[in-house]
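Okay, here's what each chain looks like letter by letter:
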Amino acid sequence: MSERSWQPVRPVRPPAAWEARAGSSTTPASASGHLGDRAAALGGHDDVDDHDDHDDHDGGEATGAARRGRRSPRQTPGSRAPGAVRRFWTRASRARRLGLTIAAVAAVTAVVAGAGLAVQPRYDEPARPAMLVDDLRGEPTTTVWRTDLTDELTPGTPDGCAYYLRVGGVDDDAIMAAQSAELSDRCGGAGGRLARVDGETGEVAWSANVATALGRAVRSVSVTPDDDGRAATLTVEVETGSTLARLDLVTGEVTDRSAAVESTDADQVTRIEGVSSSSVLVSHQPRSRFGADGTGPTTNDGDRTAFELHPLDDLDAVTWRGDEPAQATVTLFDDELYVLTTAGEGPRVIDAATGAEHPVAIDDETSGWPEQAGDHVLVAFAANDGQRLVAFSQDDPGAIGWSADLPGDASLIVSDRCVTVTATVVSGDPVVEGPRGGGGAGDGDDADAPVGRVSVTCLSPSTGETRWTTTVPVRSGQTVQSGWNPLPDSAFDQVQVSVSPSSSFGDETSTVTTFDADDGHVAFEATLPGYSAPLAQGRTTTYQLAFGVDGRSSVVAFDGHSHRELWRTSLGDAIDVGFWGPHLVVTGQDGVVRRLDDPTAVADRG
């Protein structure tokens, strides 16, 4: 017997730290192999214990406090998911792996695209999509085509004798006219030359000499196309006064129809006062009212003017004659003639087709020209306590659809969406040098100067009801220009008001505020040189035409979503700029016409 005390036999340590249950098909792994698998299953995290599970003494298992102090593996939902995914992926067929890969890529793509769409700019639907122009996101420095109208219209004409303007249009084409800078032997009657220029290519379809067709010197020509775009009525300014002609817009042929409307009295001057789609308004005045160079007329109190109304398709006929005070407002609107004066027979609306007169029960003097708004014609009359705005129905001559009382200093901008009234706010406001009102001062040296406000109100053209009203701040000495509303054939659907730095435009900038026509919220504000007006609208861009204090004009483009300025360009010696259909075209003083484009061509123009 050994002298050593008896000790129980230590149980043999199993070769694996984990064994499969009885009946399991899983083969037990070695301890080191199992730990490797475990670490892989846990994604290689530091949660895995590095040390051996036996005690340092002689390899026995930890018991009691040692076991309780050991950090146990996390048992959270999904803690073994990576391993399960790996086993699933290993067992999956090649086709299934490919399908799952494609599905995963599609899911990620959808998430990324959704996030991208969330930050994409949103552009409102245009009010008149057919009027949208090219999206020029960068400054238009590329010349698409160049046409020298001097060579086409006035070859051999001395420099300075003629300039060129767009006087009409058919679709995307422009009717360009050479206007005579002077009536002299040196220039030889340079005016009266017309050409039709293709806005897409710059090609000249035809040119015509109105002066030759009429056999007289021509100062200028304006063009009123017929509804079908195949012919036009020409208002031709001659030595003194004006006359009529007709123009075939397809061939450029000029038809002399002037004799039917001109007076046979050598001491009278005939002038075309208005042309509509159905009628022509003509005046006959004494030659003594006009200067030797054709300026005038100059009238005195008590002078009267003879008027005649002719059907456009039968100029030999006369539907109405009138002998009206020289100070009367006589205006032609399509099928109605407005004679607005308190003298003589008083204000009347005359049916142009029949000559029937409809007296208007208004005793106030006219203070503005008639303007068309939807199915009404608006006229402002000067009342004792301000102005009275009267809306005449075009369907019922002489009938008043609605009326509204306005402040004496109110001004109007009329469109088919809004009758915009701008006026000084009076009640409770400090008196300042310029318009009055209450509001916060802006930044700068004049931050403490008195600040007033001018009201901007949109009246419904149909009913005269107030659709919305708001105000704009105006500093002492500043002048509010009523701004511009969209024309009926414009893509614009907003109301614009400009505040210039001074009444004389002594500063270089003005503040332009554009209001939404529906509810009056501020669409955007901009600081522009001089005075500005809406020019056109693209799918993602809006364009302003700015007139600087130096007499030069420029085009300024804004993003339609953020309203940030994209670019502005000075037109240098340009005398005319505009969109021919969708294309930006500039006419220079030298008679060269150029279509400009954005060299980057980023935006979709479809």
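Scroll up to find the structure.
About the cut-offs
Residues numbered from 1 in each chain as written. Predicted model: local features only at pLDDT ≥ 70, side-chain atom pairs only at ≥ 80, totals over all residues. Heavy atoms only, no water. Core = buried A, V, L, I, M, F, W, Y, C linked by side-chain atoms within 4.5 Å. Buried < 20%, exposed > 50% of the residue type's maximum accessible area, 1.4 Å probe, protein only. Helix = DSSP H or I, 4+ residues; strand = E, 2+ residues; numbered from the N terminus. Contact = heavy atoms within 4.5 Å. Pairing = 2+ DSSP bridges. Axes fitted to C-alpha atoms, helices over the stretch in contact; angles between N-to-C directions. Salt bridge = Lys/Arg side-chain N within 4 Å of Asp/Glu carboxyl O. Phe/Tyr/Trp six-rings, centres within 6.5 Å; stacked < 30°, edge-to-face > 60°. Disulfide = S-S within 2.5 Å.

**Digging into the nonpolar core**
Grouped together as the largest cluster of nonpolar side chains are 21 residues, with contacts concentrated most on Leu194, Val210, Val221, Leu234 and Val236. For this core, the secondary structure elements donating two or more residues are strand S2 (162-170), strand S3 (173-180), strand S5 (204-209), helix H6 (210-214), strand S6 (220-225), strand S7 (231-237) and strand S8 (242-248). Once residues lying within four places of it in the same chain are set aside, the contact partners of Val221 are Val167, Ala177, Gln179, Gly192, Leu194, Val210, Leu234, Thr235 and Val236. The next biggest cluster of nonpolar side chains, apart from the first, holds 16 residues, and it includes Val133, Trp567, Leu571 and Leu596.

**Remarks on the side chain of Thr329**
Tracing the sequence through the fold places Thr329 in strand S14 (residues 329-333). Judged by its relative accessible area of 11%, Thr329 is buried.

**Some words on the sheet that holds S7**
Strand order in the open sheet formed by four strands is S6-S7-S8-S9, with antiparallel pairing between adjacent strands. Bordering the open sheet on either side are S6 and strand S9 (254-256), each of which pairs with just one other strand. Ignoring strand direction, the axes of neighbouring strands in this sheet form an average angle of 30°. As judged from the six bridges shared by S6 and S7, these two strands associate in the antiparallel manner. Following the sheet pairing, Val221 is matched in S7 by Val236.

**Here we look at the pairing of strand S11 (residues 279-286)**
In terms of burial, S11 is a largely internal element, seven of the eight residues being buried. In this sheet, S11 lies alongside strand S10 (residues 268-275) in antiparallel orientation, the contact comprising seven bridges. Directly across from Arg271, in S11, lies its bridge partner Ser283. Between S10 and S11, which pair antiparallel one after the other, the connecting turn spans three residues.

**Remarks on the pattern of salt bridges**
Tallied over the entire structure, the rule returns 13 salt bridges. Between Glu308 and Arg321 there is a salt bridge, with its nearest N and O atoms 3.3 Å apart. Highlighted residues: Glu308 in strand S12 (residues 304-311) and Arg321 in strand S13 (residues 320-325), separated in sequence by 13 residues. What emerges from the salt-bridge pattern is a single network uniting Glu324, Arg348 and Glu357.

**With respect to the packing of aromatic side chains**
Scanning all chains against the criterion turns up six aromatic pairs. Where Trp145 meets Trp580, the ring centres are 5.9 Å apart and the plane angle is 45°; that geometry is what we call tilted. Placement of Trp145 in strand S1 (residues 142-148) and of Trp580 in strand S35 (residues 574-580) is noted, with a sequence separation of 435 residues between them. Overall, the relative accessible area of 7% leaves Trp145 in the buried class. Overall, Trp580 belongs to the buried group, its relative accessible area being 1%. Aromatic ring contacts, followed pair by pair, group Phe333, Tyr338 and Phe392 into a single cluster.

**A word on the state of the cysteines**
The bond known as a disulfide is covalent and runs between the sulfur atoms of two cysteines. If you walk through the whole model with that rule in mind, you get one disulfide. Across a sulfur-sulfur distance of 2.0 Å, Cys418 and Cys458 are joined as a disulfide pair. Classification of the bridge connecting Cys418 and Cys458 rests on its S-S torsion, roughly -90°, and on that basis the disulfide is left-handed. Here Cys458 lies in strand S25 (residues 451-459) and Cys418 lies in the loop between strand S23 (411-414) and strand S24 (419-424), a separation of 40 residues in the sequence. Cys458 matches Cys418 in its accessibility class, with the two residues each being buried.

**Comments concerning unusual backbone geometry**
With phi around 55°, Asp171 is a residue other than glycine that occupies positive phi space. Taking the relative accessible area as the measure of exposure, Asp171 reaches 70% and is therefore exposed. The phi angle at His563 is positive, at roughly 65°, despite the residue not being glycine. Take His563: it is sitting in the loop between strand S33 (553-559) and strand S34 (565-570).

**Quick word on the sheet that holds S10**
Strands sit in the order S10-S11-S12-S13 across an open sheet of four strands; the sheet is antiparallel. The sheet is open, and its two borders are formed by S10 and S13, each paired with just one other strand. Strand-to-strand twist in this sheet, taken as the mean axis angle between neighbours without regard to direction, amounts to 25°. As paired elements, S12 and S13 share six bridges and run antiparallel to each other. Looking across to S13, one finds that Phe307 is bridged to Gly322.

Interpretation in functional terms is not warranted from these geometric data alone.
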